[in-house]
Amino acid sequence: MKDSTKIIKAGLNKRYAREKRFKFFGLCSIILSFAFLLILLSTIVGRGLPAFQQTYMKLDVTLDEETLGVTSNSSSKELFSAKYDKVIRNTLYDMFPNVSDRKEKRALRNIVSNSAAYDLRDKVIANPELLGTTQSYWFLAKDDVDVYMKGNIDRNLPESDRRIKDFQLVWIDRLIAEDRLEKRFNTVLFNAADSREPEQAGMRGAIMGSFLTMLVTLLLSFPVAVAAAAYLEEFAPQNNRWVDLIEVNINNLAAVPSIVFGLLGLAVFINFFGVPRSTPLIGGLVLSLMTLPTIIIASRAAIKAVPPSIKEAAIGMGASPVQTLFQHTLPLAMPGILTGTIIGMAQALGETAPLLMIGMVAFVAEVPGGIFDPATVMPVQIYLWSDSPERAFTERTSAAIMVLLAFLIVMNLIAIILRKKFERRW
Amino acid sequence: MKHLKTIVATAAVIAATSSVYAQGREHIEIVGSSTVYPFATVVAETFGNKTEFKTPKIESTGSGGGLKLFCSGTGVDTPDITNASRRIKQSEVELCASNGVNNVTEVQIGYDGIAIANAKSGQDFSLTRRDIFLALAKEVPGANDGELVENTAKTWQDVNPDLPAIAIEVLGPPPTSGTRDAFVELAMEGGCKSFDWIKAMKKEDKSKYKEVCHTIREDGAFIEAGENDNLIVQKLEKNPDALGIFGFSFLDQNSDKVKGAQVDGADITFENIADGSYPVSRPLYFYVKSDHVGKIPGIAEFIAEFTDEDTWGDEGYLTDKGLIPLNEELRAEIGEAANSLKPLTL
């Protein structure tokens, strides 16, 4: 054997071992990150799933005109302000006539959500002929009852350690025996805006707010970013100091912490231009500042990837540079630009920090109808719910996270599909 | 310079649309204290459900931040109401006046107690404010008047021989929290003032006085446990020897897990906070910009809803959320002043 072969042989085992070690560490890190992801997702899903169900309670309400303080020929305004809560209260007192203690009476009134009176009002206004009749309706049960029905309160604990006391358990047991309590799919979670009562709280307002904010972001950042990218790639003078400076700054902007954009938005858009606080408009403006660099960088890469031969051929056939850009370069670069845009938008969708400064972290109990209405967005809703003392908000927080994750996954999936389907290789 | 043109155009559009917006606003805008936030939101929601007005929008900005926004002017782009967990300061009234906000109505809505609590399984505590100061201050008075020494108290017994021999371990909110401000001002300063020579210092050297009374020790006896009061309750449950500081509404919601300590001989109860015998409690307020009444729809009706007996009364729905109501005479007096938009007098 030659000397050199000997040397190689001697070191071979060591090199194999090194390779094995490296592979092992790589595998470990992947397994570890998957394990963390799995733990995170399973806790969120485990906690959040019950929130997709909600307990309803059936009550036989007598729409007595005397109790309501209206007559059959009252105006709709009088019907609007009639005493529906008294009807609900009397129904409950009639069902449990033995309750006489003042504190227990108050607890009894609180087993059904206070939205019951408003539901009843809407039904009567829609159909005034209901006055004087007895109807059975399903109303939302109060959050404590809901938490108990989902098995999150252990009735075997001593009474002082439970939020639902013995006398309340007696009521609930009777309601269950009479088939008056039922768990159904939680439509409120998707149909209502925020509320301070967990059973009435929904995400519709936040989802609409996010949608409107994203719309503003897209409309502003997409054209500006594509124009900027096309200019920098195709028209800007080469080796110019100013162009280099702009390029460096765009790359830097992509790394600026998002809260800084919030402060900028507060100083420029709100204090200088007078854009109203807490609206999708201001949110969209600030988030488009944040997504601009992401889209510009992705778009430049996509435009750069279009082979020069295509552009040269177009020029050779007599097309002007602008015609070349719009008829050849941009259509070919579009899949890459769109992927960058979607990823930028997904990033903006999950952002809360800059919104804190511009008043979008707020209690908004109505679904926004336009970009001038007060609104919050989904991540802010998650933050607000996680901070609430009521126990029923814990599961709703996780449910909201699941909804937000679903949106993000769908957006990223679209980006991947676009890339796979339309990407051209030369 | 294609994108420059676009930016200029966008700016023009923004300016145009916001001037359209500035002509009117349908909803009430409320800012201010995070302590009042849970109460104000419930009232806002009920108001939105009960009436045909839009539900007010409420931002939780802290008392100081809220008053700053509130005092920034009288246009529709400024808030109509601000919540505060302390009274408005003279300097803030002046700031308001300098921006043309001259007609302000003050409404006190009730009280908030600050609980010093431990787990149900732990020992009963009966503290004085002096004990609290001596246990938690960074520097405490030494053997002679005018002398300050590093706080070396390890157990509650070191502070006061009547207290149990348990290591001092207090979980509390960070300095950014309003609860911390109130705790420091009411409990710490209250105990600090009980030393005559420190009290005398207030007149001579106010900043030194504040430093002595408001500085909490940093050697691990006081643990900053984050803004989330739910978390403090959970930690207390696991460690029966620790005490925690949080708002009364959280004690009320978790009365099955934690119990409040006596302070200056008074239990932390609804009644004791309301009549002032529990010393670590503060009044809660909201301030209304009277000039906006009539311009923004529903402000008068919102005040009426807030000051309704079913809302802030002894049996009102705010007590379900942990507000300690005012007594009946005060409610009658303040309610009337609020609804007639009586101007603020300091």
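Residues numbered from 1 in each chain as written. Chains lettered and ligands numbered in written order. Predicted model: local features only at pLDDT ≥ 70, side-chain atom pairs only at ≥ 80, totals over all residues.

1. Some details on the overall build of chain B
- Of regular secondary structure, chain B possesses 16 helices and 13 strands.
- Looking at chain B as a whole, 45% of its 346 residues qualify as buried. (Helix = DSSP H or I, 4+ residues; strand = E, 2+ residues; numbered from the N terminus. Buried ≥ 20, exposed ≤ 12 C-beta atoms within 10 Å, placed from the backbone.)

2. Points about the sheet that holds strand E3 (residues 181-185) of chain A
Residues and elements named next belong to chain A.
- Pairing in this open sheet of three strands is antiparallel, and the strands run E2-E1-E3 from one edge to the other. A single partner strand is all that each edge strand has here, and the edge strands are strand E2 (134-140) and E3. Averaged over all adjacent pairs, the angle separating strand axes in this sheet is 35°, with direction ignored.
- With seven bridges joining them, strand E1 (residues 53-62) and E2 adopt antiparallel strand pairing. Bridge assignment links Met57 to a residue of E2, and that residue is Phe139. (Pairing = 2+ DSSP bridges. Axes fitted to C-alpha atoms, helices over the stretch in contact; angles between N-to-C directions.)

3. What to know about the domain arrangement of chain A
- Per the domain assignment, the segments making up chain A are domain 1 (3-49), domain 2 (52-186) and domain 3 (204-422).
- Each of domain 1 of chain A and domain 2 of chain A was reduced to a C-alpha centroid, and the two centroids are 58 Å apart. (Domains from an automatic or database assignment.)

4. Re the environment of A:Asp144
Residues and elements named next belong to chain A.
- Along the chain, Asp144 falls in helix H7 (residues 143-149).
- The exposure class assigned to Asp144 is buried, which follows from the 22 C-beta atoms found within 10 Å.
- Residues Asp144 and Arg121 lie 23 residues apart in sequence; the distance between their C-alpha atoms is 24 Å.
- If we skip the residues at most four places from it in the chain, Asp144 touches Arg163 and Ile164. (Contact = placed C-beta atoms within 7 Å.)

5. Quick look at the packing of helix H14 (residues 308-316) of chain A against helix H15 (residues 321-349) of chain A
All names here are of chain A.
- Where H14 meets H15, the axes come as close as 10 Å, and the angle between the chain directions of the two elements is 160°. Accordingly, the angle class assigned to the pair H14 and H15 is roughly antiparallel. Here H14 runs over H15; the crossing is right-handed. On the side of H14, the interface is formed by Ile310, Lys311, Ala314 and Ile315, while H15 contributes Thr324, His328, Thr329 and Leu332. (Parallel < 35°, antiparallel > 145°, perpendicular 65-115°, else oblique. Left-handed = near helix turned anticlockwise from the far one by under 90°.)

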